Amino acid sequence: MELHANLAAALGGFVWQLLPETVLCLAACLLFLAGTFRLPRTMYGILALVSLAGAMLALIVVWRRVPFVAEAGEADLVNALRYAAPVTFTPLGLLFKNLALITGVLLVLLGWDEGGESSGEYHACLLLITAGISLVGSANDLLTLFLALELVSIPTYLLLYLPHVTPASQESALKYFLLSIFSTGLLLFGFSYLYGLTGTLNIPRIVETLAAAQAVGLNPAEASAPWRGLVLVALVMIVAGLGFKITAVPFHFYAPDVYQGVSTPAAALLAFVPKVVGFAALLKLLGFTGTDATLNALGTQVPVLLWIMAAVTMTLGNLLALWQSNLKRLLAYSSVAHAGYMLIGLAVAPRLVATPDGIGSALGGVEATLFYLGAYGAMTLGAFAVLHLLSQNGRSVETEDDLVGLGKTHPRMALAMTLFLLSLIGIPLTAGFAGKALLFFEALGVNSGKLEGLTKEQAAQAAEQARLYGYLALIGAINAAIAAWYYLRLLGAMYLREAIEPVPPLKQSPALVTLGLCVVLTLTLGMVPGLWLGPIQKALRPGFNSSGLTQAPGGPDGLVAPR
Amino acid sequence: MFSPLFAASEPDLLTPLAGLLWLIPTLPLLAAVLLALLGSVVRQWSHWLSVAAIGAAFVVSVLVFVPLYGAIHTLHEDGNHVPPLVVQSYYPWIQVEPGKAGLGLGAGVDIGLALRVDALTAMMLLMINFIAALIALYSAGYMHGDPGYARFFAAVSGFVAAMNLLVMADNFVVLYAGWEGVGLCSYLLIGFWYSKPTAADAARKAFLVTRLGDVGLFLGILMLWYGTGSLTYDVVFAKLQEGGLSEPFLLTAALLVFAGAAGKSAQFPLHVWLPDAMEGPTPVSALIHAATMVTAGVYLVARCTPLFMLVPAAQLTVAVLGGFTAILAALIALTQSDLKRVLAYSTLSQLGYMFLGLGCATMAGGPELVKLAVVAAVFHLFTHAFFKALLFLAAGSVMHGMGHVIDMQRFSGLRQVMPLTHATFLVGALTLAGFPLLSGFWSKDEILAAVQQASETGSYGASTYFLLLVLAIVTAFLTAFYTFRAYFLTFWGPLRVPAEADHAHGEQGHGDHGHGHGHEKKHIERDSAHPKASYESPAVMTVPLVVLAVFALGVGALLAGPHTLKAVKGLSFAHFVEATPGLPTDAAPHQYNLNLMLLSSGVALLGIALAYLLYVVQPSLPGQLARSLGVLYQLSRDKFYLDELYHIVFVLPLQGLAQLLATLDRHGVDATLRAAATAPHWLGQVFRPMQNGLVQFYALAMVLGLTVFLLALVRSL
């Protein structure tokens, strides 16, 4: 009885965890309402900022009041929360909430003047998207996850359409909408298979079941091929559905057209936010946030899929970017390529061997991906911010020719753009370099340590895998070199050529704050990566997140089932 | 028998010295850096900083010298036979334990910045800093008004710093650092007027030729390290004496080290850079190419005596090359018309003498011979520094007065209008010629004595040494002759002054006027119609001349004469220098060879008399002789065509190779790279049509991709 009462209270208490999201949604509703009153545009922006501030306060309250799920109390309570609650408060979730709020602020400032007459709706959509990102972080079962993903997607459709209604933006918005719902369909299909295979919607439970079953299935005598085939289908569908969001090949086709057609702040949002939620969802669903044991949920095939996707995504993104003269299309392909780099971290994670002290070094791959996500956000939002700031006064800066001579006409803007371009290339002292270095070193670190207790075949296999992932790092490095060409071409245009039609002087705009913050972040993450890497590493400690599985000594067999 | 090489005994007098050592290279270095950075600010006052720094270094050298001298003076009295030595380490640069140095070498590496002072070093320091200070003072007058005034003094200070470092090195690495430093500063100074193509070419030639030698030196150092496991002098030499290294190994190492010395000290076949180096300002010639840098090679071989002693074949090579250089240079100097070139060739010749002396230090003659030979060579280095610097500075004074004309065919009879310069030049000339009882006489005679002793050993190469003795005496005769030829041509005869002398004399800057060294035929051959009463140089230039003249006169007698007079033994140069670690200690003192002294005096006087005859009494005679000698005269005048030979044999093939490689690079490597760079573009073009803008196509592509993944992965289950 007592247990049940505690449980009920605990389960009911999950509402408290949603306080920041609630604040944001309420504020969004308010903004939708206020939008009908045709207030001066800055009012909406201010209201949005105020509500973001309120959400931050709410987050602090939650952080103080609500314990992390792993520390909630006795084991029974922990298990109950973990395997029954729709949302749980985990360190990784907290990380994503923080990331969401910062992104929200950056995007609100960037899109301050957007939306024309529908500015209120614009900002409301931004708030809803922010709520969605933070909800994705805490989602604990499939329904909540789906809800959160849609909470991001649907306002995005609106957001793409609202700012200025031109044929190009209409086309882009529609393309995005159609392809997005298509990919959501794929995702739901995968979810349905997962439910069918495991009988539960709870994500930790699903992951553990898959892991256990895969572990058993690794023993040929007890193989259950049809079951593993179905798991594979489910996982591939999920990867496909989420692959749309993260612009992985072959789900990336929408990116260049949509980025080109919509307004620059909307393109900035598209370049970053879906990647965040996509990778967050991937991390949860594929078992990357647990221990090495949960990574077995992937089986033997999905890591191969990830390897191929990473390689192909990087390469295609960079190869096609070489031909682009339209800056937004160029940045779109560049974002495709960067998604490829981030996938390296995920591809590598299942292969990194854990150290005997139980700290899953597989997390090294995940850490690298999350670090690169943050670094990528700073540099891409910054690049789009530069384009947006230059595009005022009715003249949009779209092509490379518009950037020509920027070094003389707008030296500080050119300097900021240089910084972002250098970071995108991966020059040391910028965030891009730190991220790439982490990712490549993780790839090269596969099976590089001493592997104890392995038989000869296992050792040979391990060496073979090490080589394969070395190739992945090599492909990454070659791609970084190829990418340098089109970024440097922009640098050259800015500094080495004379302006044909100089860009007029800038207006003061809150977007400058976004630009400034992005510059600071790019430099800081480049020079002191620990500032971002540290929180990521703390957030990914095993056992604190989606799974209660403890590290099994000696290998994938011998799992400790939760009580 | 041989001195223990470790600084086992350091009388208390010497310990405070160790703290002073760092000042000697550092003070000029500081001046160099300051002048380099603040040159545009200090401009006219640059010379103060330089002179002060070098002067301070000299003072510190004296402070270091005095206790050392005291220690040596009492060396054998207390039954203590260990030569004093002060070593101070400053910074352990590279330290690798034995066995970990890689390359399968058992030796470790312990290279640090360590300075040492022993008798040899102290002597070198005194000489270098004293002469350099005088020359810096002189340059204040000579270089007055030159746009690169500060740069000049920065380079000179840097040079002195590097030279000090070189002689104070305690290990081969610091030696090499100083070695390279003097090479660099020499390059900067030879090419000081870099806008003049001949000067730039000369600087480059000097640098490249000495570089060849430097490579040899570096290889030699590596061999020594490989063989002995250390790079510190004392340890290396001790290990060498223990034996165990094969003859060929030692021979190669010794010859490689000598190659470095031959490069820096311009011995055949690496001598070609020194005459061209006269393109630099005359104080530079005085400092670098008379007194200091070219003596670095002699110092190196003297320092490495323990190595050379073990390889008589290497000694013989050194002697032969030295002797050959001496006579070759003397033959060329006979016909030159550029006063500075005459002095340059005479430097070559005298350096040859020094190496001839060093090459006589064979063990076959016992430790006395080793000691005699090395001390003789070093003594000649010492005296030569003074009188050659004097001669160059006097020549510079002539140039200064004559408006930068140095072709002896354009002026004569200058003793009437430049009395002080004339007097000091005469002193220098007499000393160079080996006039009895002057310093040059004593030092040259000691070398001749060493060669003679070497030829009497009756062992390996004794007959070669005899031949070299004959060559040396002939060279002494030639030296006297060409020196006084130059003297009489310049200062005797009717007074003739070139027109430039009247224009440029005064306060005008020397700027780009550094030209006209006698080989240009295009300048206007015009004499001054109304020569002035005096073309003498200002006091700032003549005072150093006088000081050097006094030293040139006296120092030889002062230091060598009392050698046999045991009563005043303390002042003897030889007595001081022979107390250098590495030289045999317990050798009997040298007895003078009266016959040799008479012979060398005789040939010197003969040479002077012949020059007087040909250039004062019968001025038409040289022309007739030149015509009758025909080819020989041409050979001498054109430096035996060695430069042209080198050009054909070395320079042209290298240029051809460079061209070939450049073409290969342009058309081979670059083309390949460009092809590789277009590959991604081409690939991108292949995939471009996929992006056709149709949303149906996009959706189809997504599904197709998905299907491919599914099929591939499920199949491989």
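Residues numbered from 1 in each chain as written. Chains lettered and ligands numbered in written order. Predicted model: local features only at pLDDT ≥ 70, side-chain atom pairs only at ≥ 80, totals over all residues. Heavy atoms only, no water.

Student: What's the story with the overall build of chain B in this structure? I'm lost.
Tutor: Counting secondary structure elements, chain B contains 26 helices and two strands. Taken across its 717 residues, chain B has 57% of its residues classed as buried. Counting only contacts in chain B whose residues sit at least 6 apart along the sequence, the fraction spanning at least 24 positions is 83%. Carbon and sulfur atoms provide 70% of the accessible area of chain B, an area that totals close to 27,800 Å². (Helix = DSSP H or I, 4+ residues; strand = E, 2+ residues; numbered from the N terminus. Buried < 20%, exposed > 50% of the residue type's maximum accessible area, 1.4 Å probe, protein only. Contact = heavy atoms within 4.5 Å. Areas by Shrake-Rupley, 256 points an atom, 1.4 Å probe, with all protein chains shown as cover.)

Student: So what exactly am I meant to see when it comes to the overall build of chain A here?
Tutor: Looking only at helices and strands, chain A has 23 helices and zero strands in total. The proportion of buried residues among the 563 residues of chain A is 61%. Within chain A, counting contacts between residues at least 6 apart in sequence, those at least 24 apart form 82% of the total. Split by element, the accessible area of chain A, about 20,500 Å² in all, is 68% carbon and sulfur.

Student: Hey, could you run me through the interface of chain B and chain A in this one?
Tutor: For interface size, the figure often reported is the accessible area lost on association. Taken residue by residue, the interface counts 24 residues in chain B and 36 residues in chain A. Counting the surface lost from both chain B and chain A, the interface buries some 2,800 Å², and carbon and sulfur atoms represent 81% of this. At the surface where chain B touches chain A, the tally comes to zero salt bridges. On the surface where chain B and chain A come into contact, there are five residue pairs in polar contact (both at pLDDT 80 or more). Every element with two or more residues in the side of chain B that touches chain A is listed here: helix H25 (642–687) and helix H26 (695–715) of chain B. (Buried area = accessible area lost by both parts, 1.4 Å probe. Salt bridge = Lys/Arg side-chain N within 4 Å of Asp/Glu carboxyl O. Polar contact = N/O pair within 3.5 Å; in protein donor to acceptor, adjacent residues only side chain to side chain.)

Student: In this structure, what is going on with the confidence of the model for chain A? I would like to understand it.
Tutor: Detail in the predicted coordinates should be disregarded across regions flagged by low pLDDT. Residues and elements named next belong to chain A. Residues at a pLDDT of 70 or more form 86% of chain A, whose mean pLDDT is 84. This stretch, residues 354–360, has a pLDDT under 50; its non-local contacts, to residues over four places away or in other chains, come to seven contacts. Low confidence marks residues 546–563, where pLDDT is under 50. Its contacts with residues over four positions away, or in another chain, come to 36 contacts. (pLDDT = per-residue confidence, 0-100.)

Student: Would you mind showing me how to read the packing of helix H2 (residues 46–73) of chain B against helix H3 (residues 119–142) of chain B here?
Tutor: When two helices pack together, their arrangement is given by the angle between the helix axes and the distance between those axes. All names here are of chain B. Between H2 and H3, whose axes approach to 8 Å, the crossing angle comes to 155°. The pairing of H2 with H3 is recorded here as roughly antiparallel in orientation. Taken as a pair, H2 and H3 cross one another with a handedness that is left-handed. Every residue of H3 that contacts H2 at His47, Ser50, Val51, Ile54, Gly55, Ala57, Phe58, Ser61, Val62, Phe65, Leu68 and Ile72 is listed here: Ala119, Ala122, Leu125, Leu126, Asn129, Phe130, Ala132, Ala133, Ala136, Leu137 and Ala140. Per-class residue counts for the contact of H2 with H3 are 18 nonpolar, five polar and no charged. (Axes fitted to C-alpha atoms, helices over the stretch in contact; angles between N-to-C directions. Parallel < 35°, antiparallel > 145°, perpendicular 65-115°, else oblique. Left-handed = near helix turned anticlockwise from the far one by under 90°. Nonpolar A, V, L, I, M, F, W, Y, C, P; charged D, E, K, R; others polar.)

Student: Help me understand a nonpolar patch on the surface, please; the structure alone is not making it clear to me.
Tutor: Residue and element names in this part refer to chain B. Residues Leu29, Leu30, Val33, Leu34, Leu37, Leu38, Val41 and Leu49 make up a contiguous nonpolar surface patch of roughly 730 Å² in combined accessible area. With seven residues, helix H1 (residues 23–42) is the largest single contributor of residues to the nonpolar patch. Among the structural elements, Val41 can be located in helix H1. Residue Val41 is classed as exposed on the basis of its relative accessible area of 66%. (Patch = residues over 30% accessible without salt bridge, like charges linked within 9 Å, V, L, I, M, F, W, Y side chains within 5 Å.)

Student: Help me understand the packing of aromatic side chains, please; the structure alone is not making it clear to me.
Tutor: This structure, assessed with the given rule, holds 43 aromatic pairs over all chains. Note on Phe488 of chain B and Trp492 of chain B: the rings are 5.5 Å apart at their centroids and 85° apart in plane angle, and the pair reads as edge-to-face. You can call Phe488 of chain B buried: its relative accessible area is 6%. Among the aromatic residues, ring-to-ring pairing joins Phe425, Phe484, Tyr487, Phe488, Phe491, Trp492 and Tyr612 of chain B into one connected group. Directly above the aromatic system of Trp16 of chain A lies the positively charged group of Arg65 of chain A, at a separation of 4.8 Å from the ring centroid. One cation-aromatic arrangement involves Arg205 of chain A over Tyr83 of chain A; the distance from NZ or CZ to the ring centre is 4.7 Å. (Phe/Tyr/Trp six-rings, centres within 6.5 Å; stacked < 30°, edge-to-face > 60°. Lys NZ or Arg CZ within 6 Å of the ring centre and 35° of its normal.)

Student: Help me understand the side chain of Thr383 of chain B in this model?
Tutor: Residues and elements named next belong to chain B. Examined against the element boundaries, Thr383 turns out to sit in helix H15 (residues 366–401). Exposure remark for Thr383: the relative accessible area of 0% places this residue in the buried category. Only 2.9 Å separates the side chain of Thr383 from the side chain of Ser443, close enough to count as a polar contact. If we ignore the near neighbours within four places in the chain, the residues touching Thr383 are Ser439, Ser443 and Val555.

Student: What exactly am I supposed to notice about the nonpolar core here?
Tutor: Soluble, globular proteins show a tendency: their nonpolar side chains are buried together. Membership of the largest hydrophobic core comes to 221 residues, with the highest contact counts inside it found for Ile131 and Phe172 of chain B. Broken down by element, this core gets its largest block of residues, 23 residues, from H15 of chain B. Among the nonpolar cores identified, the runner-up in size contains 195 residues, and Leu269, Leu390 and Val503 of chain A together with Leu710 of chain B belong to it. (Core = buried A, V, L, I, M, F, W, Y, C linked by side-chain atoms within 4.5 Å.)

Student: Looking at this model, I keep getting lost on the confidence of the model for chain B. Mind explaining?
Tutor: All names here are of chain B. For chain B, per-residue confidence averages 84 on the pLDDT scale, and 88% of positions sit at 70 or higher. The low-confidence segment residues 1–10, where pLDDT is below 50, has 33 contacts with residues more than four positions distant or belonging to other chains. Long-range and interchain partners of residues 564–568, a stretch whose pLDDT sits below 50, account for three contacts in this model, where long-range means more than four residues apart. As a predicted assembly, this complex carries a pTM of 0.67 together with an ipTM value of 0.88.

Student: For this particular structure, what's the right way to read the environment of Ala499 of chain A?
Tutor: All names here are of chain A. Note that Ala499 resides in the loop between helix H21 (456–496) and helix H22 (511–527). Along the backbone, Ala499 and Val404 are 95 residues apart, and their C-alpha atoms lie at a distance of 5.1 Å. Excluding residues within four positions of it along the chain, Ala499 makes contact with Val404, Gly405 and Thr409.

Student: Looking at this structure, I do not really get the packing of helix H14 (residues 302–321) of chain A against H25 of chain B. What am I missing?
Tutor: It is the contact of H14 of chain A with H25 of chain B, at a shortest axis distance of 8 Å, that shows an interaxial angle of 100°. Put simply, H14 of chain A runs roughly perpendicular to H25 of chain B. Contacts between H14 of chain A and H25 of chain B involve Leu316, Leu319 and Leu320 of chain A on the former and, on the latter, Pro680, Leu683, Gly684 and Phe687 of chain B. Along the lines of polarity and charge, the residues of the contact of H14 of chain A with H25 of chain B split into six nonpolar, one polar and no charged.

Student: Where do I start with helix H10 (residues 282–291) of chain B in this structure?
Tutor: A turn of α-helix holds 3.6 residues, and therefore any two residues three or four places apart point the same way. Among the ten residues in H10 of chain B, ten count as buried, and that is most of the element. Regarding H10 of chain B, the residues found buried are Thr282, Pro283, Val284, Ser285, Ala286, Leu287, Ile288, His289, Ala290 and Ala291 of chain B.

Student: I keep staring at H1 of chain B and nothing clicks. Help me out?
Tutor: All names here are of chain B. For H1, built from 20 residues, the straight-helix expectation of 28 Å at 1.5 Å per residue is missed by more than 12%, its first-to-last C-alpha distance being only 23 Å. Roughly 55° is the biggest bend found in H1, and it falls at Ala36. Looking at the buried residues of H1, the elements they touch are H2, strand S2 (109–117), H3 and helix H4 (149–168). Backbone geometry just after H1 places Arg43 at a positive phi near 35°. (Expected span 1.5 Å × (residues − 1). Bend = angle between axes of the 7 residues up to and from the residue.)

Student: Help me out: how do you make sense of the side chain of Arg303 of chain B in this one?
Tutor: Residue and element names in this part refer to chain B. Examined against the element boundaries, Arg303 turns out to sit in helix H11 (residues 293–303). Within the local environment of Arg303, its side chain forms a polar contact with the side chain of Thr121, the two groups lying 2.7 Å apart. Discounting chain neighbours no more than four positions away, the residues touching Arg303 are Arg116, Asp118, Leu120, Thr121, Val167, Tyr233, Phe237 and Thr580.

Student: In this structure, what is going on with the environment of Leu474 of chain A? I would like to understand it.
Tutor: Among the structural elements, Leu474 of chain A can be located in helix H21. Spatially, the C-alpha atom of Leu474 of chain A lies 9.3 Å from that of Ala443 of chain A, the residues being 31 residues apart in sequence.

Student: Would you mind going over the pattern of salt bridges with me for this structure?
Tutor: Side-chain pairs of opposite charge can arise where the charged atoms are in close proximity. Residues and elements named next belong to chain B. The tally for this structure, following the rule as stated, stands at 24 salt bridges over all chains. Salt-bridge contacts for Arg116 lead to Asp170; the nearest nitrogen and oxygen are separated by 3.0 Å. Of the two residues, Arg116 is situated in strand S2 and Asp170 in the loop between H4 and helix H5 (172–190); the sequence distance between them amounts to 54 residues. Neither Arg116 nor Asp170 differs from the other in exposure class; each is buried.

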